[in-house]
Amino acid sequence: MSVKNIAIGTGRRKTSVARVFVRDGSGKIVVNGRDVAEYFKSEGQVRVVHQPLLVTSNEKKFDIVINVTGGGLNGQAAACLHGISRALLQIDPDSHTSLKANGYLTRDSRMVERKKYGQRGARRRFQFSKR
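Here's a quick rundown of the structure. Everything numeric here is computed off the predicted structure, so don't read it as measured data.

Because each turn of an α-helix spans 3.6 residues, side chains separated by three or four positions in sequence point in the same direction. Taking 1.5 Å per residue as the helical rise, helix α3 (residues 73-91) with its 19 residues ought to reach 27 Å, and the 27 Å between its terminal C-alpha atoms agrees with that figure. Residues G75, Q76, A77, A79, C80, L81, H82, G83, I84, S85, A87 and L88 constitute the buried set of α3. In this structure, the buried side of α3 is in contact with β1 (7-13), β2 (16-24), α1 (36-39), α2 (43-55), β5 (62-69) and α4 (96-101).

Let us now look at the sheet that holds β5. Read across the open sheet, the five strands follow the order β1-β2-β5-β3-β4; overall the sheet is mixed. Single-partner strands in this sheet number two, and they are β1 and β4 (34-35). Across three bridges, the pairing between strand β3 (residues 29-31) and β5 is parallel. By the bridge assignment, V31 is partnered in β5 with I66. Taken strand by strand, α3 contacts β1, β2 and β5, and its axis lies near 150° from that of β1.

Turning to the side chain of T56, a few remarks are in order. For T56, the location among the structural elements is in the loop between α2 and β5. Separated by 2.8 Å, the side chain of T56 and the backbone oxygen of P52 make a polar contact. Apart from residues lying up to four places away in sequence, T56 is in contact with L88, S95, S98 and L99.

The full count for this structure, using the stated rule, is one aromatic pair. Centroid distance Y39 to F40: 5.0 Å. Interplanar angle 90°. Geometry classified as edge-to-face. A single burial state applies to Y39 and to F40, both of which are buried.

What follows deals with the environment of A77. Mapped onto the fold, A77 is located in helix α3. Apart from residues no more than four positions distant in its own chain, A77 is found in contact with F40, Q45, V48 and V49.

Rules used throughout
- Residues numbered from 1 in each chain as written.
- Predicted model: local features only at pLDDT ≥ 70, side-chain atom pairs only at ≥ 80, totals over all residues.
- Heavy atoms only, no water.
- Helix = DSSP H or I, 4+ residues; strand = E, 2+ residues; numbered from the N terminus.
- Expected span 1.5 Å × (residues − 1).
- Buried < 20%, exposed > 50% of the residue type's maximum accessible area, 1.4 Å probe, protein only.
- Contact = heavy atoms within 4.5 Å.
- Pairing = 2+ DSSP bridges.
- Axes fitted to C-alpha atoms, helices over the stretch in contact; angles between N-to-C directions.
- Polar contact = N/O pair within 3.5 Å; in protein donor to acceptor, adjacent residues only side chain to side chain.
- Phe/Tyr/Trp six-rings, centres within 6.5 Å; stacked < 30°, edge-to-face > 60°.

Below, the structure written as structure tokens:
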């Protein structure tokens with residue numbers, strides 16, 4: 001018996017990419033083979049992942065399987081939020097207004113500024129020596 005994915009969404013944030021698979025179920029969220037509360041250390045990160053489900057009132061309708069790579073846990077949590085939002089939009093286009101109003105469909109484009117040559121970091125200069 002194969003499991004049927006209802007919708008697939010890709011979420012991105014900083015250098016994290018989350019592939020989200022939504023299936024019929026009871027509201028279980030699995031991230032990289034582990035439970036969402038076990039994978040994300042802080043309660044805030046778990047809450048971030050649950051946000052699109054709460055907004056569209058789909059907490060107990062779907063099982064969600066997420067594969068997430070790259071970046072840190074905060075970026076991964078935001079990537080999961082973006083991916084879940086896009087997948088829920090495939091299932092129910094009527095939820096567009098509530099997801100858009102909360103800003104869950106917009107990819108957060110802020111990235112780390114690159115380090116420039118002749119400097120210690122992106123903006124930090126080397127220490128100036130007068131003599």
